[in-house]
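This is what each chain is made of:
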Amino acid sequence: MVLNYIWIAFFLIAFVIGLFRLVVLGDTEVFPAMMNSTFDTSKTAFEISLGLTGVLSLWLGIMKIGEKGGVVNAIARVLSPIFVRLFPDIPKGHPVTGSIFMNIAANMLGLDNAATPLGLKAMKEMQELNTKKETATNPMIMFLVLNTSGLTLIPVSIMTYRAQMGAAAPTDIFIPILLATFVATIAGIIITSIYQKINLLNPVIFATLGGACLVVGGMIWGFRQMDPETMNIVSNTAATVLLMTIIVSFIIAGMRKKINVYDTFIEGAKEGFQTAVRIIPYLIAILVAIGVFRASGAMDALIGGIKWCIAVCGIDTAFVDALPTAIMKPLSGSGARGMMVDAMQTFGADSFVGRLSCIFQGSTDTTFYILAVYFGSVGIRNTRHAVACGLLADLAGVIAAISIAYLFFG
């Protein structure tokens, strides 16, 4: 229901602004640009889905081996104490707990291609527990918020972009991103727990969140001891080695269980292909609406209005030029990536705006994209409080990113 209103709002706002630019400003190019964007973004949405097919097939095949090999169940048992409290509606020891963990771990390592199919696998398993098939359950919403808050420990892609754009120290945004994304994740858990009446003062939850803070603090300290080149090498190597270790471990577990590993992989890969096909209409719907909104000039008008309001309040407006990345990030990952690159091109990779755009890019994830893909893959229409919780987590990440950028680079 919420997506319905948002989708309509994108088109109506874009149409009104387009009419204003045509009639009042005499801009005859605005409506052709809006129409071109519908074709371009629908093509992009299909290409994204097509590109996901191979990755989905690969990872759902690997996950099927892990499931039958007992790895997923083992992970579920280890995580059971904390997950039964954050996801109280999921039966204790259910295999979906392992899928959720694998998805979150892939996101933390910046392995987007691996995280998406693992997330879709988890969503499918949660849907099997859902008694109202078109309505999102509490576990689905908590899972979605954990994804949209975008906890990333190793932002490899962003550091790569900075290197390509000529940054003197491409890794100088590593710690700021880690801090900002951690704030967004903790905020998302707290906000969703309040909606779902989960007791955050429970000793297990409190100890786990506190332990996570200590681990993140330890990682920050460790990476601060490294020079930029070493940091890049360690982060890239850790991500790729861990990913290959997961794949090989699943295969070995399947062999120990004496299952037919190849046939099991094919079985899971078929599910990946079917899932990719189901995503296409949902992805086209949301990306076309975003494309029209951008082409109409609505995004530029929004940024201009924000800058004027902030200037009137007497607040420094240096951060406003980086806001397009923050505003676009919940809507489109590729769009936000384009905004980030544009900010570095326009203001410089080592400028305050360029660095802040990178922190915005790494501090949260694409809320509406994730919502459209994950919920669309299982036919969820009533998203309940998912959008509100996801956007509030995003807002916490944006505020943290601005504060941290001023602290480190202001």
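Residues numbered from 1 in each chain as written. Predicted model: local features only at pLDDT ≥ 70, side-chain atom pairs only at ≥ 80, totals over all residues. Heavy atoms only, no water.

Visitor: Pulling in residues and values, what's your account of helix α12 (residues 298-312)?
Guide: Owing to its 3.6 residues per turn, the α-helix aligns residues three or four sequence positions apart on the same side. With 15 residues, α12 extends 21 Å between its outermost C-alpha atoms, agreeing within 8% with the 21 Å of an ideal straight helix rising 1.5 Å per residue. Of all the residues in α12, the buried ones are A298, M299, I303 and I310. The arc that holds every buried residue of α12, seen down its axis, measures 135°, which confines them to one face. In α12, the exposed positions angled more than 90 degrees off the buried face are occupied by D300, W308 and V312. (Helix = DSSP H or I, 4+ residues; strand = E, 2+ residues; numbered from the N terminus. Expected span 1.5 Å × (residues − 1). Buried < 20%, exposed > 50% of the residue type's maximum accessible area, 1.4 Å probe, protein only. Arc of directions from axis to C-beta.)

Visitor: How would you summarise a nonpolar patch on the surface if you had to cite specific residues and measurements?
Guide: On the surface, a cluster of nonpolar side chains totalling about 770 Å² of accessible area is made up of F15, V16, L19, F20, L22, V23, V24 and L25. By secondary structure assignment, the location of L25 is in the loop between α1 (2-23) and α2 (30-68). (Patch = residues over 30% accessible without salt bridge, like charges linked within 9 Å, V, L, I, M, F, W, Y side chains within 5 Å. Areas by Shrake-Rupley, 256 points an atom, 1.4 Å probe, with all protein chains shown as cover. Salt bridge = Lys/Arg side-chain N within 4 Å of Asp/Glu carboxyl O.)

Visitor: Talk me through the environment of F20; I want residue IDs and the actual numbers.
Guide: Within the fold, F20 resides in helix α1. Exposure remark for F20: the relative accessible area of 45% places this residue in the partly exposed category.

Visitor: Break down the side chain of R355 for me, with residues and values.
Guide: Here R355 is to be found in helix α15 (residues 352-363). Here D350 takes part through its backbone oxygen, which lies 3.1 Å from a polar atom of the side chain of R355. Not counting chain neighbours up to four residues away, the residues in contact with R355 comprise R162, D172, I173, A349, D350 and F409. (Polar contact = N/O pair within 3.5 Å; in protein donor to acceptor, adjacent residues only side chain to side chain. Contact = heavy atoms within 4.5 Å.)

Visitor: Help me get a handle on the pattern of salt bridges, residues and values and all.
Guide: Evaluated as defined, the whole model comprises 10 salt bridges. Put simply, E134 and R381 hold a salt bridge, and the shortest N to O gap is 3.7 Å. With E134 in the loop between α5 (112-128) and α6 (138-148) and R381 in the loop between α16 (367-377) and α17 (386-409), this residue pair connects regions lying 247 residues apart in the sequence. The exposure class of E134 is partly exposed, given its relative accessible area of 46%. Since its relative accessible area comes to 53%, R381 is described here as exposed. When the shortest N-O distance is used, the salt bridge between D172 and R162 registers 3.0 Å.

Visitor: Please give an account of the side chain of D172 that cites residues and values.
Guide: For D172, the position within the fold is in the loop between α7 (156-164) and α8 (174-195). Separated by 3.0 Å, the side chains of D172 and R162 make a polar contact. In this structure the side chain of D172 is engaged in a polar contact, spanning 2.8 Å, whose partner is the side chain of R355. Ignoring sequence-local partners within four residues, the contact set of D172 consists of R162, D350, R355 and F409.

Visitor: Can you explain the nonpolar core? Please cite residues and give values.
Guide: Judged by nonpolar contacts, the single largest core of 59 residues is most densely connected at F87, I100, M123, M126, F143, L283 and F375. Each residue touching I100, except ones within four places of it in the same chain, is listed here: F83, F87, I90, A122, M126 and F143. Counting 37 residues, the second largest nonpolar core, distinct from the first, contains L323, M340, A401 and I404. (Core = buried A, V, L, I, M, F, W, Y, C linked by side-chain atoms within 4.5 Å.)

Visitor: An account of the packing of aromatic side chains is needed here, citing residue identities and associated values.
Guide: As enumerated under the stated definition, the model contains six aromatic pairs in all. Ring geometry for F15 against F31: centres 5.8 Å apart, planes inclined by 75°, an arrangement best described as edge-to-face. Of this pair, F15 sits in helix α1 while F31 sits in helix α2, and the two are 16 residues apart along the sequence. Taking relative accessible area as the criterion, F15 reaches 43% and is therefore assigned partly exposed. With 5.9 Å between their ring centres and 15° between their planes, F143 and Y374 make a pair best called stacked. Taken together, the residues F143 in helix α6 and Y374 in helix α16 connect sequence positions 231 residues apart. For the pair F143 and Y374, one class covers both residues: buried. (Phe/Tyr/Trp six-rings, centres within 6.5 Å; stacked < 30°, edge-to-face > 60°.)

Visitor: A description of unusual backbone geometry should follow, citing residues and the corresponding values.
Guide: You will see that K258, though not glycine, has its phi angle at about 60°, which is positive. On the secondary structure map, K258 appears in the loop between α10 (228-256) and α11 (261-295). Although it is not a glycine, R384 sits at a positive phi angle of roughly 50°. Topologically, R384 is positioned in the loop between α16 and α17.

Visitor: Please provide a residue-by-residue account of the packing of α11 against α16, values included.
Guide: α16 packs onto α11 with a crossing angle of 140° between their chain directions and a minimal axis gap of 8 Å. Between α11 and α16, the angle is such that the two are oblique. Considering the relative orientation of α11 and α16, their crossing is right-handed. Residues T275, R278, I279, Y282, L283 and I286 of α11 form the contact with α16, whose participating residues are F368, Y369, A372, V373, G376 and S377. Looking at the contact of α11 with α16 residue by residue, the class counts come to eight nonpolar, three polar and one charged. (Axes fitted to C-alpha atoms, helices over the stretch in contact; angles between N-to-C directions. Parallel < 35°, antiparallel > 145°, perpendicular 65-115°, else oblique. Left-handed = near helix turned anticlockwise from the far one by under 90°. Nonpolar A, V, L, I, M, F, W, Y, C, P; charged D, E, K, R; others polar.)

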